Amino acid sequence: MAEIAELAARVLDDPERWPSDPKEAVAVQRRMADRVREEALDVDGVRLVCGLDVSYAKDDPALAAAAVVMDARTLEVVERVAVTAEVAFPYISGLFAFRELPPVLTALTELTTTPDVIVCDGFGVAHPRRFGIASHLGVLLDRPVVGSAKSVLYGRHSVPGEERGSWTPMVAGRSEVVEDSTRLADDGAEVIGRVLRTRTGVKPVYVSVGHRVDLAGSADLILRLSPSYRVPEPIRHADRLCGERRKAYEAEKAQL
DNA sequence: GCGACAG
DNA sequence: ATCTTGTCGC
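Every chain is numbered independently, its residues counted from 1 as its sequence is written. Chains and ligands are labelled by the order in which they are written, letters from A for the one and numbers from 1 for the other. Totals for whole chains, interfaces and linings use every residue, but because this is a predicted model, local features are given only for residues with pLDDT of at least 70 and side-chain atom pairs only at 80 or more, for both listing and counting. Side-chain calculation: all heavy atoms of the structure are included, whereas hydrogens and water are not.

Looking at an unreviewed UniProt entry, chain A carries the name Endonuclease V, with the source organism given as Nocardiopsis coralli. UniProt positions are given in the numbering used here, feature names are shortened, and annotations may be inferred rather than shown by experiment. Per UniProt, chain A has the following entry under Cofactor (unreviewed entry): "Mg(2+)".

Shown next, in the form of structure tokens:
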């Protein structure tokens with residue numbers, strides 16, 4: 001069993017980590033947030049990247065999680081894993097790690113390869129308590145994790161240029177679009193993420209440090225992983241895979 | 001109290 | 001997140 005799979009299984013079996021009460025979940029985040037570490041990410045040295053995502057329906061507790069490992073340079077798929085489960089925690093903005101991490105960790109349990117970096121669909125430290133799902137997963141596994149979200153939860157930022165590769169910093173504060181966030185960052189505001197344009201003329205993605213990576217390296221990696229679409233390839237593949245898996249799961253449940 | 005609010 | 005046809009634009 002791969003080391004990462006063993007770690008995932010271990011944290012899943014610890015009930016202390018998965019409270020069913022939102023108030024306790026917040027306490028867990030506050031208690032764990034100071035364990036987040038930022039370190040240089042050698043982007044050129046990244047070989048395998050694992051993308052994660054979860055799919056669920058409106059009025060059905062069925063859900064599916066997927067992990068897709070890809071070669072960061074060729075973007076060739078190396079391994080695909082998908083699992084199904086039932087919703088065990090409601091969707092609460094700021095706490096969705098408690099909803100998505102269990103199935104995601106279950107998927108990681110079946111991984112046979114060891115990715116150098118994991119890419120999560122959501123935020124890392126660009127979170128009210130500096131502990132979004134990417135940071136949460138990173139700390140649990142003590143592995144490099146990058147957060148890549150499609151919309152804002154927390155933080156002030158200005159709009160980056162329309163060209164692919166353009167970016168602006170996200171600084172701490174209630175979510176708000178400002179005139180010049182670069183000025184705020186230069187003036188000492190806490191930088192929590194980066195708004196990155198991965199495709200010219202298309203809505204940007206929001207990159208933030210999850211754990212054991214740095215912001216510049218994370219943004220560089222996300223841009224490399226998004227040569228053709230807005231969303232980085234590993235997440236796109238994981239999204240497609242868990243979507244298919246969930247539909248298949250609902251279909252077999254309907255048979256019974 | 002009011003508005004905001006990752007997926 | 002998901003439900004969904006057509007449609008505007010490069």
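Let us look at the UniProt feature "site: Interaction with target DNA" (unreviewed entry) in chain A. In the UniProt entry, the feature "site: Interaction with target DNA" (unreviewed entry) is given for Tyr91. You can see tyrosine 91 is positioned in the loop between strand 3 (77–86) and helix 3 (97–109). Tyrosine 91 gets classed as exposed once you look at its relative accessible area, which sits at 52%. With residues near it in sequence (within four places) discarded, tyrosine 91 still touches Phe96 and Arg99. Helix numbering and strand numbering both begin at the N terminus, where a helix is a DSSP run of H or I of at least 4 residues and a strand a DSSP run of E of at least 2. A 1.4 Å probe rolled over the protein chains alone gives each residue an accessible area, and that area as a share of the maximum for its type sets the label: buried under 20%, exposed over 50%, partly exposed in between. A contact between two residues is defined here by any heavy atoms of the two lying within 4.5 Å.

Residue types Ala, Val, Leu, Ile, Met, Phe, Trp, Tyr and Cys, when buried and joined through side-chain atoms within 4.5 Å, form a set referred to as a nonpolar core. Membership of the largest hydrophobic core comes to 64 residues, with the highest contact counts inside it found for Leu52, Leu101, Leu105, Leu108, Leu137 and Leu141. The element that contributes the greatest number of residues to this core is helix 3, accounting for 7 residues. Once residues lying within four places of it in the same chain are set aside, the contact partners of leucine 105 are Ala8, Val11, Leu12, Trp18, Leu137, Leu140 and Leu141. In this structure, Phe123, Met170, Ile192 and Tyr206 belong to the second largest nonpolar core, which totals 8 residues.

Around DNA strand B sit 20 residues in total, of which Tyr91, Gly94, Phe96, Lys150 and Ser151 are the nearest. Nearness here has a simple test: a residue counts as near a molecule or strand if at least one of its heavy atoms is within 4 Å of that partner. Backbone atoms, meaning sugar plus phosphate, form 50% of the atoms of DNA strand B positioned within 4 Å of the protein. Two N or O atoms form a polar contact when they lie within 3.5 Å of each other; inside protein one atom must be a possible hydrogen donor and the other a possible acceptor, and for residues adjacent in sequence the pair counts only when both atoms belong to side chains. Within the backbone of glycine 94, one N or O atom sits 2.9 Å away from a base nitrogen of DNA strand B. Taking isoleucine 133, its main chain carries an N or O atom lying 3.1 Å from a base nitrogen of DNA strand B. All amino acids are sorted into three groups, where Ala, Val, Leu, Ile, Met, Phe, Trp, Tyr, Cys and Pro are nonpolar, Asp, Glu, Lys and Arg are charged, and the leftover types, Gly among them, are polar. Looking at the surface near DNA strand B, its residues break down into 9 nonpolar, 7 polar and 4 charged.

Okay, helix 1 (residues 3–12) next. Owing to its 3.6 residues per turn, the α-helix aligns residues three or four sequence positions apart on the same side. Ile4, Ala5, Leu7, Ala8 and Val11 are the residues of helix 1 that are buried. Buried residues of helix 1, viewed axially, fall in a sector of 160°; they line one side. Among the exposed residues of helix 1, those pointing more than 90 degrees away from its buried face are Glu3 and Arg10. What the arc covers is the set of directions going from the helix axis to the C-beta atoms.

Our focus in this paragraph is the pattern of salt bridges. Salt bridge, as applied in this entry: a Lys or Arg side-chain nitrogen positioned within 4 Å of an Asp or Glu carboxyl oxygen. Overall, the coordinates contain 14 salt bridges when judged by the stated rule. Arginine 212 serves as the salt-bridge partner of glutamate 39, at 3.6 Å between the closest nitrogen and oxygen. One end of the pair, glutamate 39, is in the loop between helix 2 (22–32) and strand 1 (48–57); the other, arginine 212, is in the loop between strand 10 (205–211) and helix 6 (215–224), and 173 residues separate them in sequence. Glutamate 250 is the salt-bridge partner of arginine 246, the closest N and O atoms lying 2.9 Å from each other. Highlighted residues: arginine 246 and glutamate 250, both in helix 7 (residues 233–255), separated by 4 residues, approximately one helical turn. Its relative accessible area of 12% is what places arginine 246 among the buried residues.

Quick look at the UniProt feature "binding site: Mg(2+)" (unreviewed entry) in chain A now. As annotated by UniProt and renumbered to match this structure, "binding site: Mg(2+)" (unreviewed entry) occupies Asp53 and Asp121. Taking the farthest pair of C-alpha atoms as the criterion, the annotated set spanning 69 residues converges on one region, since that pair is 6.2 Å apart. Looking at where aspartate 53 falls in the secondary structure, it is placed in strand 1. Judged by relative accessible area, aspartate 53 falls into the buried class, the value being 6%. In this structure aspartate 53 touches Ala64, Ala65, Ala66, Asp121, Ala238, Asp239 and Cys242, once residues within four positions along its chain are discounted. Here aspartate 121 is to be found in the loop between strand 4 (117–120) and helix 4 (133–141). Ignoring sequence-local partners within four residues, the contact set of aspartate 121 consists of Leu52, Asp53, Phe96, Ile133, Ser148, Ala149, Lys150 and Ile235. Of note is the side chain of aspartate 121, whose polar atom sits 2.9 Å from the side chain of lysine 150.

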